[in-house]
Amino acid sequence: MKRLAHWFVFIAIVAVVSHLVVVRYTPKALMTLIMFNINSEAGGANRLYIPERITAKSRKIVRPAPDLAYTVCAYDLSDGPVMATLNASDNYTSLAVFADNTDNIFAVNDQAISGKLVTVVLRTEQQEIQPATDVIEVTAPSDKGLILWRRVIPSNADWPQVDAARREVSCGSYYQTKSDI
């Protein structure tokens, strides 16, 4: 009986440790794989990846919705802050920022935009930027993650306008972008 009790304790400890390891490391491992794939498609970090229109066979983004047009940027703050823009549209549009552990750390949609454009500057706690009234500063808990833009496609006839609008967003180095303006 004692031997059986030791066996159950051993199994319980292995189960608890396995559970904790999976819960702790799986989100980060999955996000690392997704960021690697996005960087490969985009040609590097802090660059836009604009996938083809979503179909039933599309799976670059987990469970993509066919009535949404996506644009993605895998950000890397190790060389400095990153600037991303979201342009308003007549239909639902959003920009969401995810940390490297899949946490959604910031989101804004067309209802919160006053004007035609919102600019988000993503930075780490240690990075500083010039204060500006026309940007939203977001402090990221990790150097890497994803920025995801979504736009509703009201109908097939609207696809060309939605596709053109999603190509007008931007993602890039804050310093390079500011010097280009």
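Here goes a summary of the coordinates provided.

The rules behind the values
- Residues numbered from 1 in each chain as written.
- Predicted model: local features only at pLDDT ≥ 70, side-chain atom pairs only at ≥ 80, totals over all residues.
- Heavy atoms only, no water.
- Helix = DSSP H or I, 4+ residues; strand = E, 2+ residues; numbered from the N terminus.
- Buried < 20%, exposed > 50% of the residue type's maximum accessible area, 1.4 Å probe, protein only.
- Lys, Arg positive; Asp, Glu negative; His and termini not counted.
- Salt bridge = Lys/Arg side-chain N within 4 Å of Asp/Glu carboxyl O.
- Polar contact = N/O pair within 3.5 Å; in protein donor to acceptor, adjacent residues only side chain to side chain.
- Contact = heavy atoms within 4.5 Å.
- 1 Å grid on protein atoms, 1.4 Å probe; cavity = no way out; pocket = protein on both sides within 12 Å on 5 of 7 lines; lining within 4 Å.
- Points joined across faces, edges and corners; volume = space filled by probe spheres on them.

## Quick look at the side chain of Asp110
And step 1. Considering the arrangement of structural elements, one finds Asp110 in the loop between strand E5 (104–109) and strand E6 (117–123).
And step 2. It turns out Asp110 is buried and unbridged, and the closest side chain with the opposite charge, Arg151, is 8.2 Å from it.
And step 3. At 3.2 Å, the side chain of Asp110 and the side chain of Gln111 are in polar contact.
And step 4. Not counting chain neighbours up to four residues away, the residues in contact with Asp110 comprise Ser89, Asn91, Tyr92 and Thr93.

## Description of the layout of surface pockets
And step 1. In this model, the second largest pocket occupies a volume close to 170 Å³.
And step 2. Along its surface, the second largest pocket is lined by Ser89, Asp90, Asn91, Thr93, Arg151, Val152, Pro154, Asp158, Gln161, Val162 and Ala165.
And step 3. Contributions of two or more residues to the lining of the second largest pocket are made by strand E8 (144–152) and helix H2 (159–166).
And step 4. A per-element tally of the lining of the second largest pocket places H2 first, with 3 residues.

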